[in-house]
Structure formats: structure tokens, C-alpha cells
Amino acid sequence: MRYAGYVVEGWGVGELMLDGDTLVHSEAPKPSAAEPPGSHWLGERLRAYFVEGSLDDFLDVELDLDGSTPFQLAVCEALRELPYGETVTYGELAALAGHPNAQRAVGSFCAANRFAIVVPCHRVVAAGGIGSYGSLGVAYKQRLLELERAAL
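Residues numbered from 1 in each chain as written. Predicted model: local features only at pLDDT ≥ 70, side-chain atom pairs only at ≥ 80, totals over all residues. Heavy atoms only, no water.

1. Some thoughts on the overall build of the protein
Piece 1. Along its length, the protein carries five helices and five strands.
Piece 2. Listing the helices and strands of the protein from first to last along the sequence gives β-β-β-α-α-β-α-α-β-α.
Piece 3. Taken over C-alpha atoms, the radius of gyration comes to 15 Å for the protein, in line with the 15 Å a tight globule of 152 residues would show.
Piece 4. Taken over the C-alpha atoms alone, the protein extends approximately 45 × 30 × 25 Å along its principal axes. (Helix = DSSP H or I, 4+ residues; strand = E, 2+ residues; numbered from the N terminus. Rg over C-alpha atoms; globule rule 2.2 N^0.38 Å.)

2. Some points on the nonpolar core
Piece 1. Counting residues in each nonpolar core, the largest one holds 42 residues, and the members touching the most others are Leu 23 and Phe 50.
Piece 2. Elements that contribute at least two residues to this core include exactly strand E1 (2–8), strand E2 (12–19), strand E3 (22–30), helix H1 (41–52), helix H2 (70–80), helix H3 (90–96), helix H4 (103–111) and helix H5 (137–147).
Piece 3. When residues in this core are grouped by element, the largest group, five residues, is from H2.
Piece 4. In contact with Leu 23, not counting residues within four places along its chain, are Leu 16, Met 17, Leu 18, Leu 42, Val 61, Glu 62, Leu 63, Asp 64, Phe 115 and Val 118. (Core = buried A, V, L, I, M, F, W, Y, C linked by side-chain atoms within 4.5 Å. Buried < 20%, exposed > 50% of the residue type's maximum accessible area, 1.4 Å probe, protein only. Contact = heavy atoms within 4.5 Å.)

3. Details of the packing of H2 against H4
Angle between the axes and distance between the axes: these two values describe a pair of packed helices.
Piece 1. One way to put it is that H2 packs onto H4 with a least axis distance of 11 Å and a crossing angle of 75 degrees. Here H2 lies roughly perpendicular to H4, going by the angle between them. Seen from H2, the contacting residues are Phe 71, Gln 72, Val 75, Cys 76 and Leu 79; seen from H4, they are Ala 105, Val 106 and Phe 109. (Axes fitted to C-alpha atoms, helices over the stretch in contact; angles between N-to-C directions. Parallel < 35°, antiparallel > 145°, perpendicular 65-115°, else oblique.)

4. Some words on the sheet that holds E3
Piece 1. As summarised here, the arrangement of the three strands in space is E1-E2-E3, forming an open sheet in which the pairing is antiparallel. Every interior strand has two partners, whereas the edge strands, E1 and E3, have only one. When the angles between neighbouring strand axes are averaged without regard to direction, this sheet yields 15 degrees.
Piece 2. Two strands pair when backbone bridges link them, and E2 and E3 are joined in this way by six bridges, in the antiparallel orientation. What sits directly across from Leu 18, in E3, is Leu 23.
Piece 3. Across the face of the sheet, H1 comes into contact with E1, E2 and E3 while running at roughly 25 degrees to E1. (Pairing = 2+ DSSP bridges.)

5. A closer look at the environment of Asp 66
Piece 1. Note on placement: Asp 66 falls in the loop between H1 and H2.
Piece 2. Note on Asp 66: relative accessible area 70%, which makes it exposed.
Piece 3. Along the chain, Asp 66 and Val 24 lie 42 residues apart, while their C-alpha atoms are 9.7 Å from each other.

6. Overview of the side chain of Thr 22
Piece 1. You can see Thr 22 is positioned in strand E3.
Piece 2. In this structure the side chain of Thr 22 is engaged in a polar contact, spanning 3.4 Å, whose partner is the side chain of Glu 62.
Piece 3. In this structure, Thr 22 is in contact with Met 17, Glu 62, Leu 63 and Asp 64, ignoring residues within four places of it in sequence. (Polar contact = N/O pair within 3.5 Å; in protein donor to acceptor, adjacent residues only side chain to side chain.)

7. Concerning the packing of aromatic side chains
Piece 1. One pass over the structure, following the stated rule, counts six aromatic pairs.
Piece 2. Look at Tyr 49 and Phe 50: their rings are 5.0 Å apart centre to centre, the planes differ by 90 degrees, and that puts the pair in the edge-to-face class. Note on accessibility: Tyr 49 and Phe 50 belong to one class, buried.
Piece 3. Taking the centre distance of 6.1 Å and the plane angle of 10 degrees together, the rings of Tyr 133 and Tyr 140 count as stacked. Summarising the burial analysis for this pair, Tyr 133 and Tyr 140 share the class buried. (Phe/Tyr/Trp six-rings, centres within 6.5 Å; stacked < 30°, edge-to-face > 60°.)

Dropping the structure here:
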């Protein structure tokens, strides 16, 4: 297992856990006094996303999805194909994944997402507003959507 990171001015330090070039876990950048451990090409691409507004879709990044259910795989695939700057509701994502009316399960998937930005759960919004964004909070999610110029 390899740990790497990247620094994004104004955002903080992001972290990556990799098995070879397979992404096992990633953390979006957050304020930290710690220096990131090493560098990696994926960290540079993520930094470009935050700094330059890179339209990178990260579809070529291999994810460690071992142990995922068929439902989780379908949601992950549908979400990864959602274009930069677009949003969907939890219900719409469930339908795109072939599981209409599974919006609560989609919410659980997003809450447990371990591939920040690469699997863009920040693009999933509640039917009545922006929705939550885990420990990083709604303001962080709003900032990501503004970065992508997403209409809400």
C-alpha cells in the first residue's frame, strides 16, 4: 500500500491510498498542518481539478471496488459518468443506476464514498436543496459545485 498526497492552496491537503496505481481511498483536501506523504500522478491531476478547474473526468482511474455489491457498482458507474458541472438528485441517480426508488440507498452509497472527487458524490443533491456532504459539510459541497459552475 502506498500513501500519497497533494496540496491545494486555499483548500488544504488531500490524501490518497493506492495499491499500485489502483485507488483504494482518497480524501478531499482539507486544512492540515501536516505535509502530504509523497506525490503521485493522480494527486497532480486532482490538484489541477481544484486549482485550474480541470475538466478531468477521472474515468481512467482504476478503483478498488472489491467487495462492492452489484447495486454499489451500478451507482458508482452511473455517478462516474455524470459530466463535470451537472447535478442529479438521489432519486435521479438511483434511476440512472437502474434502481428507481432506491434514493435512500444511493444516499448511503454517497455517505460511504471513499473516492472523493473521483467518484463525484458532490454532484448528487437532495430534491429540495443541496443536501449534505459528510464531515466536510454543506459549505464545502457548495464550493465544489461553484468550482464546476454547476447550476442548482
